[in-house]
Amino acid sequence: MSNIIKNDILIPISSKRAIKEKLFKICGLSAIIFALSMLVILFTTIFSKGYSAFYQTRIKLDINFNEKLIDPIGTREIKTLTTADYSKLISQSLFKFLNIDKNHPKSSEIKSLISYNSFLTIRDRVLNDPDIIGKTKKINLIASDDVDQMLKGNINISIPEENRKITDFQIEAIEKFKSNGNILTVFNKTLFIKSDSREPEVSGVLGAIIGSFYCLFIAACISVPIGIFAAIFLQEFAKKNKITDFIEININNLAAVPSIVFGLLGLSVFINFFHLPRSSPIVGGLVLALMSLPTIVIVTRASLLAVPGTIKDGAIALGASKMQAIFNQVLPLATPGICTGVIIALARALGETAPLLMIGMIAFIPDTPIAITDPATALPAQIFMWADHPERAFVERTSAAILILLSFLIVMNAAAIYIRHKFEKKW
């Protein structure tokens with residue numbers, strides 16, 4: 001037999017009951033430890049694969065802005081400067097540094113050390129400053145994904161040449177660049193200022209972040225006012241009858257409907273019936289708004305119900321109307337709970353992929369959306385697309401995009417927790 005003390009009275013309890021309580025505590029603690037362990041493993045795995053995407057390999061070259069190649073006539077016309085062969089300037093610089101010419105049997109391998117899109121960097125430099133033509137300048141160009149992955153240790157150079165994506169001649173060239181200080185490791189700002197690309201080294205998440213922001217903004221503008229006012233009406237003004245009971249049951253059921261069903265609804269209604277542009281944030285926002293509405297209604301009703309009825313009764317007793325009592329007394333006190341629920345509902349919407357797949361927001365969109373009707377993708381959809389690419393460089397970018405998405409979700413959930421603890425009233 002063992003004992004417990006309750007209200008200063010010694011109460012004996014059986015050893016069997018004590019063992020059960022101890023086992024229950026052990027099971028609860030084990031569940032928490034297991035959940036935390038899985039969370040640590042998840043974050044460690046994602047971080048270990050994605051942190052390398054936040055820095056980038058660049059190759060520093062002496063680029064000779066040869067006037068004969070860029071503007072042989074010397075007119076400095078925009079059309080001429082735009083259509084010049086800037087890739088040849090890069091090739092000439094590479095060949096000169098390695099003491100080879102364009103007829104070298106390995107010349108094509110050397111050209112592929114630099115990202116294919118690097119000619120755009122040279123072109124923009126000329127368009128911004130035409131006076132640079134005829135001069136030689138040191139330019140940092142983005143290395144190809146194979147070079148970048150090799151220097152990050154993701155390509156095993158000890159295996160036979162035919163089994164890897166980078167050749168022995170390329171490795172020798174890279175070592176020469178390294179020994180001369182021409183290999184740079186810099187923060188990968190391209191990841192944040194560029195949109196999707198077929199080339200992993202120049203792909204970014206800017207377009208996806210803006211697309212997610214547009215979708216979330218539209219969803220908030222639609223779901224928050226409608227959800228809150230619907231909840232206030234159902235909780236405070238609607239008569240309790242079979243109709244309101246039917247509505248409440250269906251709202252609760254809608255909160256549990258799989259998100260892909262909302263995607264099918266958006267496809268059939270917003271795209272096929274209303275003919276809204278496919279793959280656009282406006283459709284994505286409408287679908288996410290429909291998905292968030294039931295949660296917002298349920299949370300708002302629960303927050304209103306948590307406010308003691310005596311507050312509303314006291315306001316009415318002092319001469320306020322029912323609407324004044326609800327909007328001036330009850331609603332302000334329920335606001336922290338409502339805000340918390342709204343943020344959590346929108347955070348869930350931010351991480352949804354399935355409904356966006358159904359409305360075509362997984363298309364390859366290399367441009368940054370300007371308006372809500374422009375073709376766009378969202379961060380979860382971008383992660384889904386990158387995960388399907390076979391290149392090793394896209395693996396780290398997929399993990400990096402997941403880290404960025406998790407950062408947004410953590411910030412939103414932290415804001416919800418802060419609002420709840422800061423403004424919550426204890427009754």
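### What to know about the overall build of the chain
Per the secondary structure count, the chain includes 18 helices and five strands. Taking 427 residues into account, the globule formula puts the C-alpha radius of gyration at 22 Å, and the chain, at 30 Å, lies well above it. Structurally, the chain occupies a C-alpha span of about 90 × 65 × 35 Å along its principal axes. Looking at the 427 residues of the chain, the share that counts as buried comes to 41%. Of all intrachain contacts in the chain linking residues separated by at least 6 positions in sequence, the fraction that spans at least 24 positions is 74%. For the chain, the accessible area works out to roughly 23400 Å², and carbon and sulfur atoms hold 64% of it. Looking at charge distribution, the chain has the averaged site of its 44 positive side-chain charges lying 9 Å from that of its 34 negative ones.

### Comments concerning the side chain of Thr398
Positionally, Thr398 belongs in helix H18 (residues 392-423). When its relative accessible area of 10% is taken as the criterion, Thr398 is described as buried. In terms of polar contacts, Thr398 uses its side chain to reach the backbone carbonyl oxygen of Phe394, at 2.6 Å.

### Focus: the packing of helix H10 (residues 206-237) against helix H15 (residues 322-350)
Running from amino to carboxyl end, H10 crosses H15 at an angle of 140 degrees, the nearest separation of the two axes being 10 Å. As for the relative orientation of H10 and H15, their crossing is right-handed in sense. Residues Ser212, Leu216, Ala220, Ser223, Val224, Ile228, Phe229, Ile232, Glu236 and Phe237 of H10 lie in contact with H15, whose contacting residues are Lys322, Met323, Ile326, Phe327, Leu331, Ile338, Val342, Leu346, Ala349 and Leu350. Here the contact of H10 with H15 is built from residues that sort into 16 nonpolar, two polar and two charged.

### As for the environment of Phe213
In this fold, Phe213 is placed in helix H10. Separated by 165 residues in sequence, Phe213 and Ala378 have C-alpha atoms that sit 8.3 Å apart.

### So, the sheet that holds strand E5 (residues 183-187)
Pairing is antiparallel across the open sheet formed by three strands, whose spatial order is E4-E3-E5. Both outer strands of the open sheet, strand E4 (136-142) and E5, are each paired with one neighbouring strand and no more. Across this sheet, the average inter-strand angle for adjacent strands is 40 degrees, counted without regard to direction. In this sheet, E4 lies alongside strand E3 (residues 55-64) in antiparallel orientation, the contact comprising seven bridges.

### Brief notes about helix H6 (residues 118-128)
Of the positions making up H6, those classed as buried are Ser118, Ile122 and Val126. Take H6 and look down its axis: the buried residues cluster within an arc of 85 degrees, on one side only. The elements touched by buried residues of H6 are E3, helix H2 (67-70), helix H3 (78-82), helix H4 (86-98) and E4.

### Points about the packing of aromatic side chains
Enumeration over the complete set of coordinates arrives at ten aromatic pairs. Relative to Phe394, the ring of Trp386 lies with its centre 6.1 Å away and its plane at 45 degrees, an arrangement referred to as tilted. Members of the aromatic cluster, joined through ring pairs, are Phe47, Tyr51 and Tyr55. The ring centre of Tyr55 lies 4.9 Å from the NZ or CZ of Lys152, which sits over that ring. If you follow Lys176 out to its NZ or CZ, it ends over the ring of Phe97, 5.5 Å from the centre.

### Section: H4
When the terminal C-alpha atoms of H4 are compared, their 19 Å separation across 13 residues agrees well with the 18 Å that a helix rising 1.5 Å per residue should span. For H4, the complete set of buried residues consists of Tyr86, Leu89, Ile90, Ser91, Ser93, Leu94, Phe95 and Leu98. Backbone geometry just downstream of H4 places Asn99 in the positive-phi region, at approximately 60 degrees.

### Let's talk about a nonpolar patch on the surface
Residues Ile32, Leu36, Leu39, Leu42, Phe43 and Ile410 make up a contiguous nonpolar surface patch of about 540 Å² in total accessible area. The element best represented in the nonpolar patch is helix H1 (residues 15-50), accounting for five residues. Position of Ile410 among the secondary structure elements: in helix H18.

### Focus on the packing of H4 against H6
Their axes nearest at 8 Å, the elements H4 and H6 cross at an angle of 110 degrees. Relative to H6, the element H4 lies roughly perpendicular. Contact with H4, carried on its side by Tyr86, Ser87, Leu89 and Ile90, involves Ser118, Phe119, Ile122, Arg123 and Val126 of H6 and no other residues of that element. Class assignment of the residues belonging to the contact of H4 with H6 gives a composition of six nonpolar, two polar and one charged.

### Section: the pattern of salt bridges
Proximity of charged atoms lets side chains of opposite charge pair with each other. Within the structure shown, the criterion is met by 14 salt bridges. The shortest N-O distance in the salt bridge between Lys165 and Asp146 comes to 3.6 Å. Remark: Asp146 occurs in helix H7 (residues 145-151) and Lys165 occurs in the loop between H7 and helix H8 (168-179); sequence separation between them is 19 residues. Overall, the relative accessible area of 54% leaves Lys165 in the exposed class. Glu248 is the salt-bridge partner of Lys240, the closest N and O atoms lying 3.8 Å from each other. With relative accessibility at 18%, the residue Glu248 sits in the buried group. Here the salt bridges share partners, and the residues they tie into one network are Asp148, Lys152, Glu396 and Arg397.

### Side note on the side chain of Thr377
Looking at where Thr377 falls in the secondary structure, it is placed in the loop between helix H16 (354-358) and helix H17 (379-387). Looking at Thr377, its side chain comes within polar contact range of the main-chain oxygen of Met361, at 2.8 Å. With residues up to four places along the chain from it excluded, the contact list for Thr377 reads Gly207, Ala208, Gly211, Ser212, Met361, Ile365, Gln382 and Met385.

What counts, and where the lines are drawn
Residues numbered from 1 in each chain as written. Predicted model: local features only at pLDDT ≥ 70, side-chain atom pairs only at ≥ 80, totals over all residues. Heavy atoms only, no water. Helix = DSSP H or I, 4+ residues; strand = E, 2+ residues; numbered from the N terminus. Rg over C-alpha atoms; globule rule 2.2 N^0.38 Å. Buried < 20%, exposed > 50% of the residue type's maximum accessible area, 1.4 Å probe, protein only. Contact = heavy atoms within 4.5 Å. Areas by Shrake-Rupley, 256 points an atom, 1.4 Å probe, with all protein chains shown as cover. Lys, Arg positive; Asp, Glu negative; His and termini not counted. Charge placed at Lys NZ, Arg CZ, Asp CG, Glu CD. Polar contact = N/O pair within 3.5 Å; in protein donor to acceptor, adjacent residues only side chain to side chain. Axes fitted to C-alpha atoms, helices over the stretch in contact; angles between N-to-C directions. Left-handed = near helix turned anticlockwise from the far one by under 90°. Nonpolar A, V, L, I, M, F, W, Y, C, P; charged D, E, K, R; others polar. Pairing = 2+ DSSP bridges. Arc of directions from axis to C-beta. Phe/Tyr/Trp six-rings, centres within 6.5 Å; stacked < 30°, edge-to-face > 60°. Lys NZ or Arg CZ within 6 Å of the ring centre and 35° of its normal. Expected span 1.5 Å × (residues − 1). Patch = residues over 30% accessible without salt bridge, like charges linked within 9 Å, V, L, I, M, F, W, Y side chains within 5 Å. Salt bridge = Lys/Arg side-chain N within 4 Å of Asp/Glu carboxyl O. Parallel < 35°, antiparallel > 145°, perpendicular 65-115°, else oblique.

Remember that the coordinates give geometry; whether it matters functionally is a separate question.
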